[in-house]
Structure formats: structure tokens, C-alpha cells
Amino acid sequence: MKILITGGAGFVGSSLALHFKSKFPNSKVVAFDNLKRRGSELNLPKFLEQGIEFVHGDIRNPSDFDCLKETGMCFLNALRSRVS
Ligand SMILES: NC(=O)c1ccc[n+]([C@@H]2O[C@H](COP(=O)([O-])OP(=O)(O)OC[C@H]3O[C@@H](n4cnc5c(N)ncnc54)[C@H](O)[C@@H]3O)[C@@H](O)[C@H]2O)c1
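Every value quoted in this text rests on a predicted model; they were computed, and no experiment measured them. Sequence order as written defines residue numbering, which begins from 1 separately in each chain. For this predicted model, a pLDDT threshold of at least 70 governs which residues receive local features, and a threshold of 80 or more governs which side-chain atom pairs are given and counted, while totals over whole chains, interfaces and linings are taken from all residues. Only hydrogens and water are set aside; all other atoms, that is, all heavy atoms of the structure, feed into the side-chain values.

Participant: Hey, could you run me through the pairing of strand 1 (residues 2–6) in this one?
Facilitator: Note on strand geometry: in a regular strand, side chains alternate between the two faces of the sheet. For each residue, the accessible area found with a 1.4 Å probe, counting protein chains only, is set against the maximum for its type, and the residue is called buried under 20%, exposed over 50%, and partly exposed in between. Here a strand is any run of E in DSSP of at least two residues, a helix any run of H or I of at least four, and the numbering for each starts at the N terminus. Of all five residues in strand 1, five are buried, a share of seventy percent or more. Every second residue of strand 1 is oriented toward a common face, with Lys 2, Leu 4 and Thr 6 on one face and Ile 3 and Ile 5 on the other, all of them buried. Pairing between strands is defined by DSSP: at least two bridges between them are needed. As defined by bridge partners, strand 1 adjoins strand 2 (residues 28–33) across five bridges and the pair is classed as parallel. Along strand 2, the bridge assignment pairs Ile 3 with Val 29. Note that the unit made of strand 1, helix 1 (residues 11–23) and strand 2 has a crossover that is right-handed. In this structure, strand 1 lies alongside strand 4 (residues 73–76), joined through four bridges in parallel fashion. By the bridge assignment, Leu 4 is partnered in strand 4 with Cys 74. With its strands directed away from the observer, a crossover is right-handed exactly when the path from the first strand over the helix to the second travels clockwise.

Shown next as C-alpha cells:
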């Protein structure tokens, strides 16, 4: 199964991505993020280590989703959060 997490490099998104990959190791977990939030890029090495795919994209650009076919589950976290 493919699990897509938008805002996947953020606080909630990265926690979800790492959680799902550890819970469903055979699943393809994709973290999709535009890295506009400073610090989100710091999660990328952990994704590489855990076999989580990272897609650098913006939810406002439909073409950024072209590479994401057959997604089974999608979690929407790509928002400018007010939680700092
Ligand atoms: N942090 C919390 O404790 C908490 C609790 C409850 C709900 N939430 C909600 O969860 C959501 C995520 O919160 P968070 O704390 O993880 O925020 P965050 O700022 O840590 O993460 C948001 C991520 O989304 C990315 N992003 C922003 N706009 C984007 C776009 N257009 N396209 C692609 N990526 C984009 C940012 O680069 C960032 O990495 C928010 O809606 C927030 O209100 C957060």
C-alpha cells in the first residue's frame, strides 16, 4: 500500500511518516512537502535512513502530484501551522 503524507516533513507529518513506516514496513510511505517551513529539511536524512520516499512539491501545484499514482491512504498536514 502507498501512504501519502502532505506536509510530510513537518512536525505532525514527519512523526506520522516515521510511525507508519515502522508499523507497516512493506508499505511505501511518501512524505510530500515544499520545505517552506524552516527546519523541515532536517527530517530528510531520517526519511532516507528509514526508507521513506520524499517528494519536494507544493499542494497548490497539481502537476507536483503526477509522480504519485495509486495512493492508498493520504494524510493532509501541509498547512502553515500556527503551532510554534
Ligand atoms: N503541532 C501540533 O501539535 C498540532 C496539533 C493539532 C493539529 N495540528 C495541525 O496539523 C497540521 C500540521 O501542523 P504541524 O505542527 O506539523 O505544522 P508544521 O509547520 O510543522 O508542518 C507543516 C508542513 O507543511 C509544509 N507545507 C506548508 N505549505 C505547504 C504546501 N503548500 N505544499 C506542501 N507542503 C507545505 C511545511 O513546509 C511544513 O513542513 C496543521 O494544520 C496544524 O494546525 C498540529
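So, next bit.
Participant: Sorry, what's going on with the site of the ligand here?
Facilitator: Consider each residue's heavy atoms; a residue with any of them within 4 Å of a molecule or strand counts as near. With respect to spatial proximity, 20 residues lie near the ligand, and among them Phe 11, Val 12, Asp 33, Ser 40 and Asp 58 are the closest. Within the backbone of Val 12, one N or O atom sits 2.7 Å away from an oxygen atom of the ligand. Residues adjacent in sequence count toward polar contacts only when both atoms are side-chain atoms; beyond that, a polar contact is any pair of N or O atoms within 3.5 Å, and within protein one must be able to donate a hydrogen and the other to accept it. Contact between the ligand and Asp 33: an oxygen atom at 2.7 Å from a side-chain N or O atom of the residue. Note on areas: Shrake-Rupley, 1.4 Å probe, and residue coverage restricted to the protein chains presented here. Protein contacts shield 76% of the accessible area of the ligand, which totals 830 Å² for the unbound molecule. Its residues placed into classes, the shell around the ligand shows eight nonpolar, seven polar and five charged. Any residue outside Ala, Val, Leu, Ile, Met, Phe, Trp, Tyr, Cys, Pro, Asp, Glu, Lys and Arg is labelled polar, Gly included; the first ten of those are nonpolar and the last four are charged.

Participant: Sorry, what's going on with the nonpolar core here?
Facilitator: In summary, soluble globular proteins display a tendency toward joint burial of nonpolar side chains. Buried Ala, Val, Leu, Ile, Met, Phe, Trp, Tyr and Cys residues that are joined via side-chain atoms within 4.5 Å together make up what is termed a nonpolar core. Among the nonpolar cores identified, the biggest contains nine residues, and these are Ile 3, Ile 5, Ala 9, Ala 17, Phe 20, Val 29, Ala 31, Phe 47 and Ile 52. In terms of nonpolar packing, the next biggest core, distinct from the first, is built from five residues, Leu 4, Phe 32, Val 55 and Leu 68 among them.

Participant: How should I be thinking about the sheet that holds strand 3 (residues 53–56) in this particular structure?
Facilitator: One key point about sheets: their strands pair by backbone hydrogen bonds, in either a parallel or an antiparallel sense. Spatially, 3-2-1-4 is the arrangement adopted by the four strands of the open sheet, whose pairing is parallel. Single-partner strands in this sheet number two, and they are strand 3 and strand 4. The sheet shows a mean angle of 20° between the axes of neighbouring strands, taken without regard to direction. Packing against the sheet, helix 1 makes contact with strand 1, strand 2 and strand 4, and its axis sits at approximately 165° to strand 1. Axis angles are defined between N-to-C directions and span 0 to 180 degrees, where every axis is a line fitted to C-alpha atoms and, for a helix, only to the segment in contact. Here, residues are in contact when the closest pair of their heavy atoms is within 4.5 Å.

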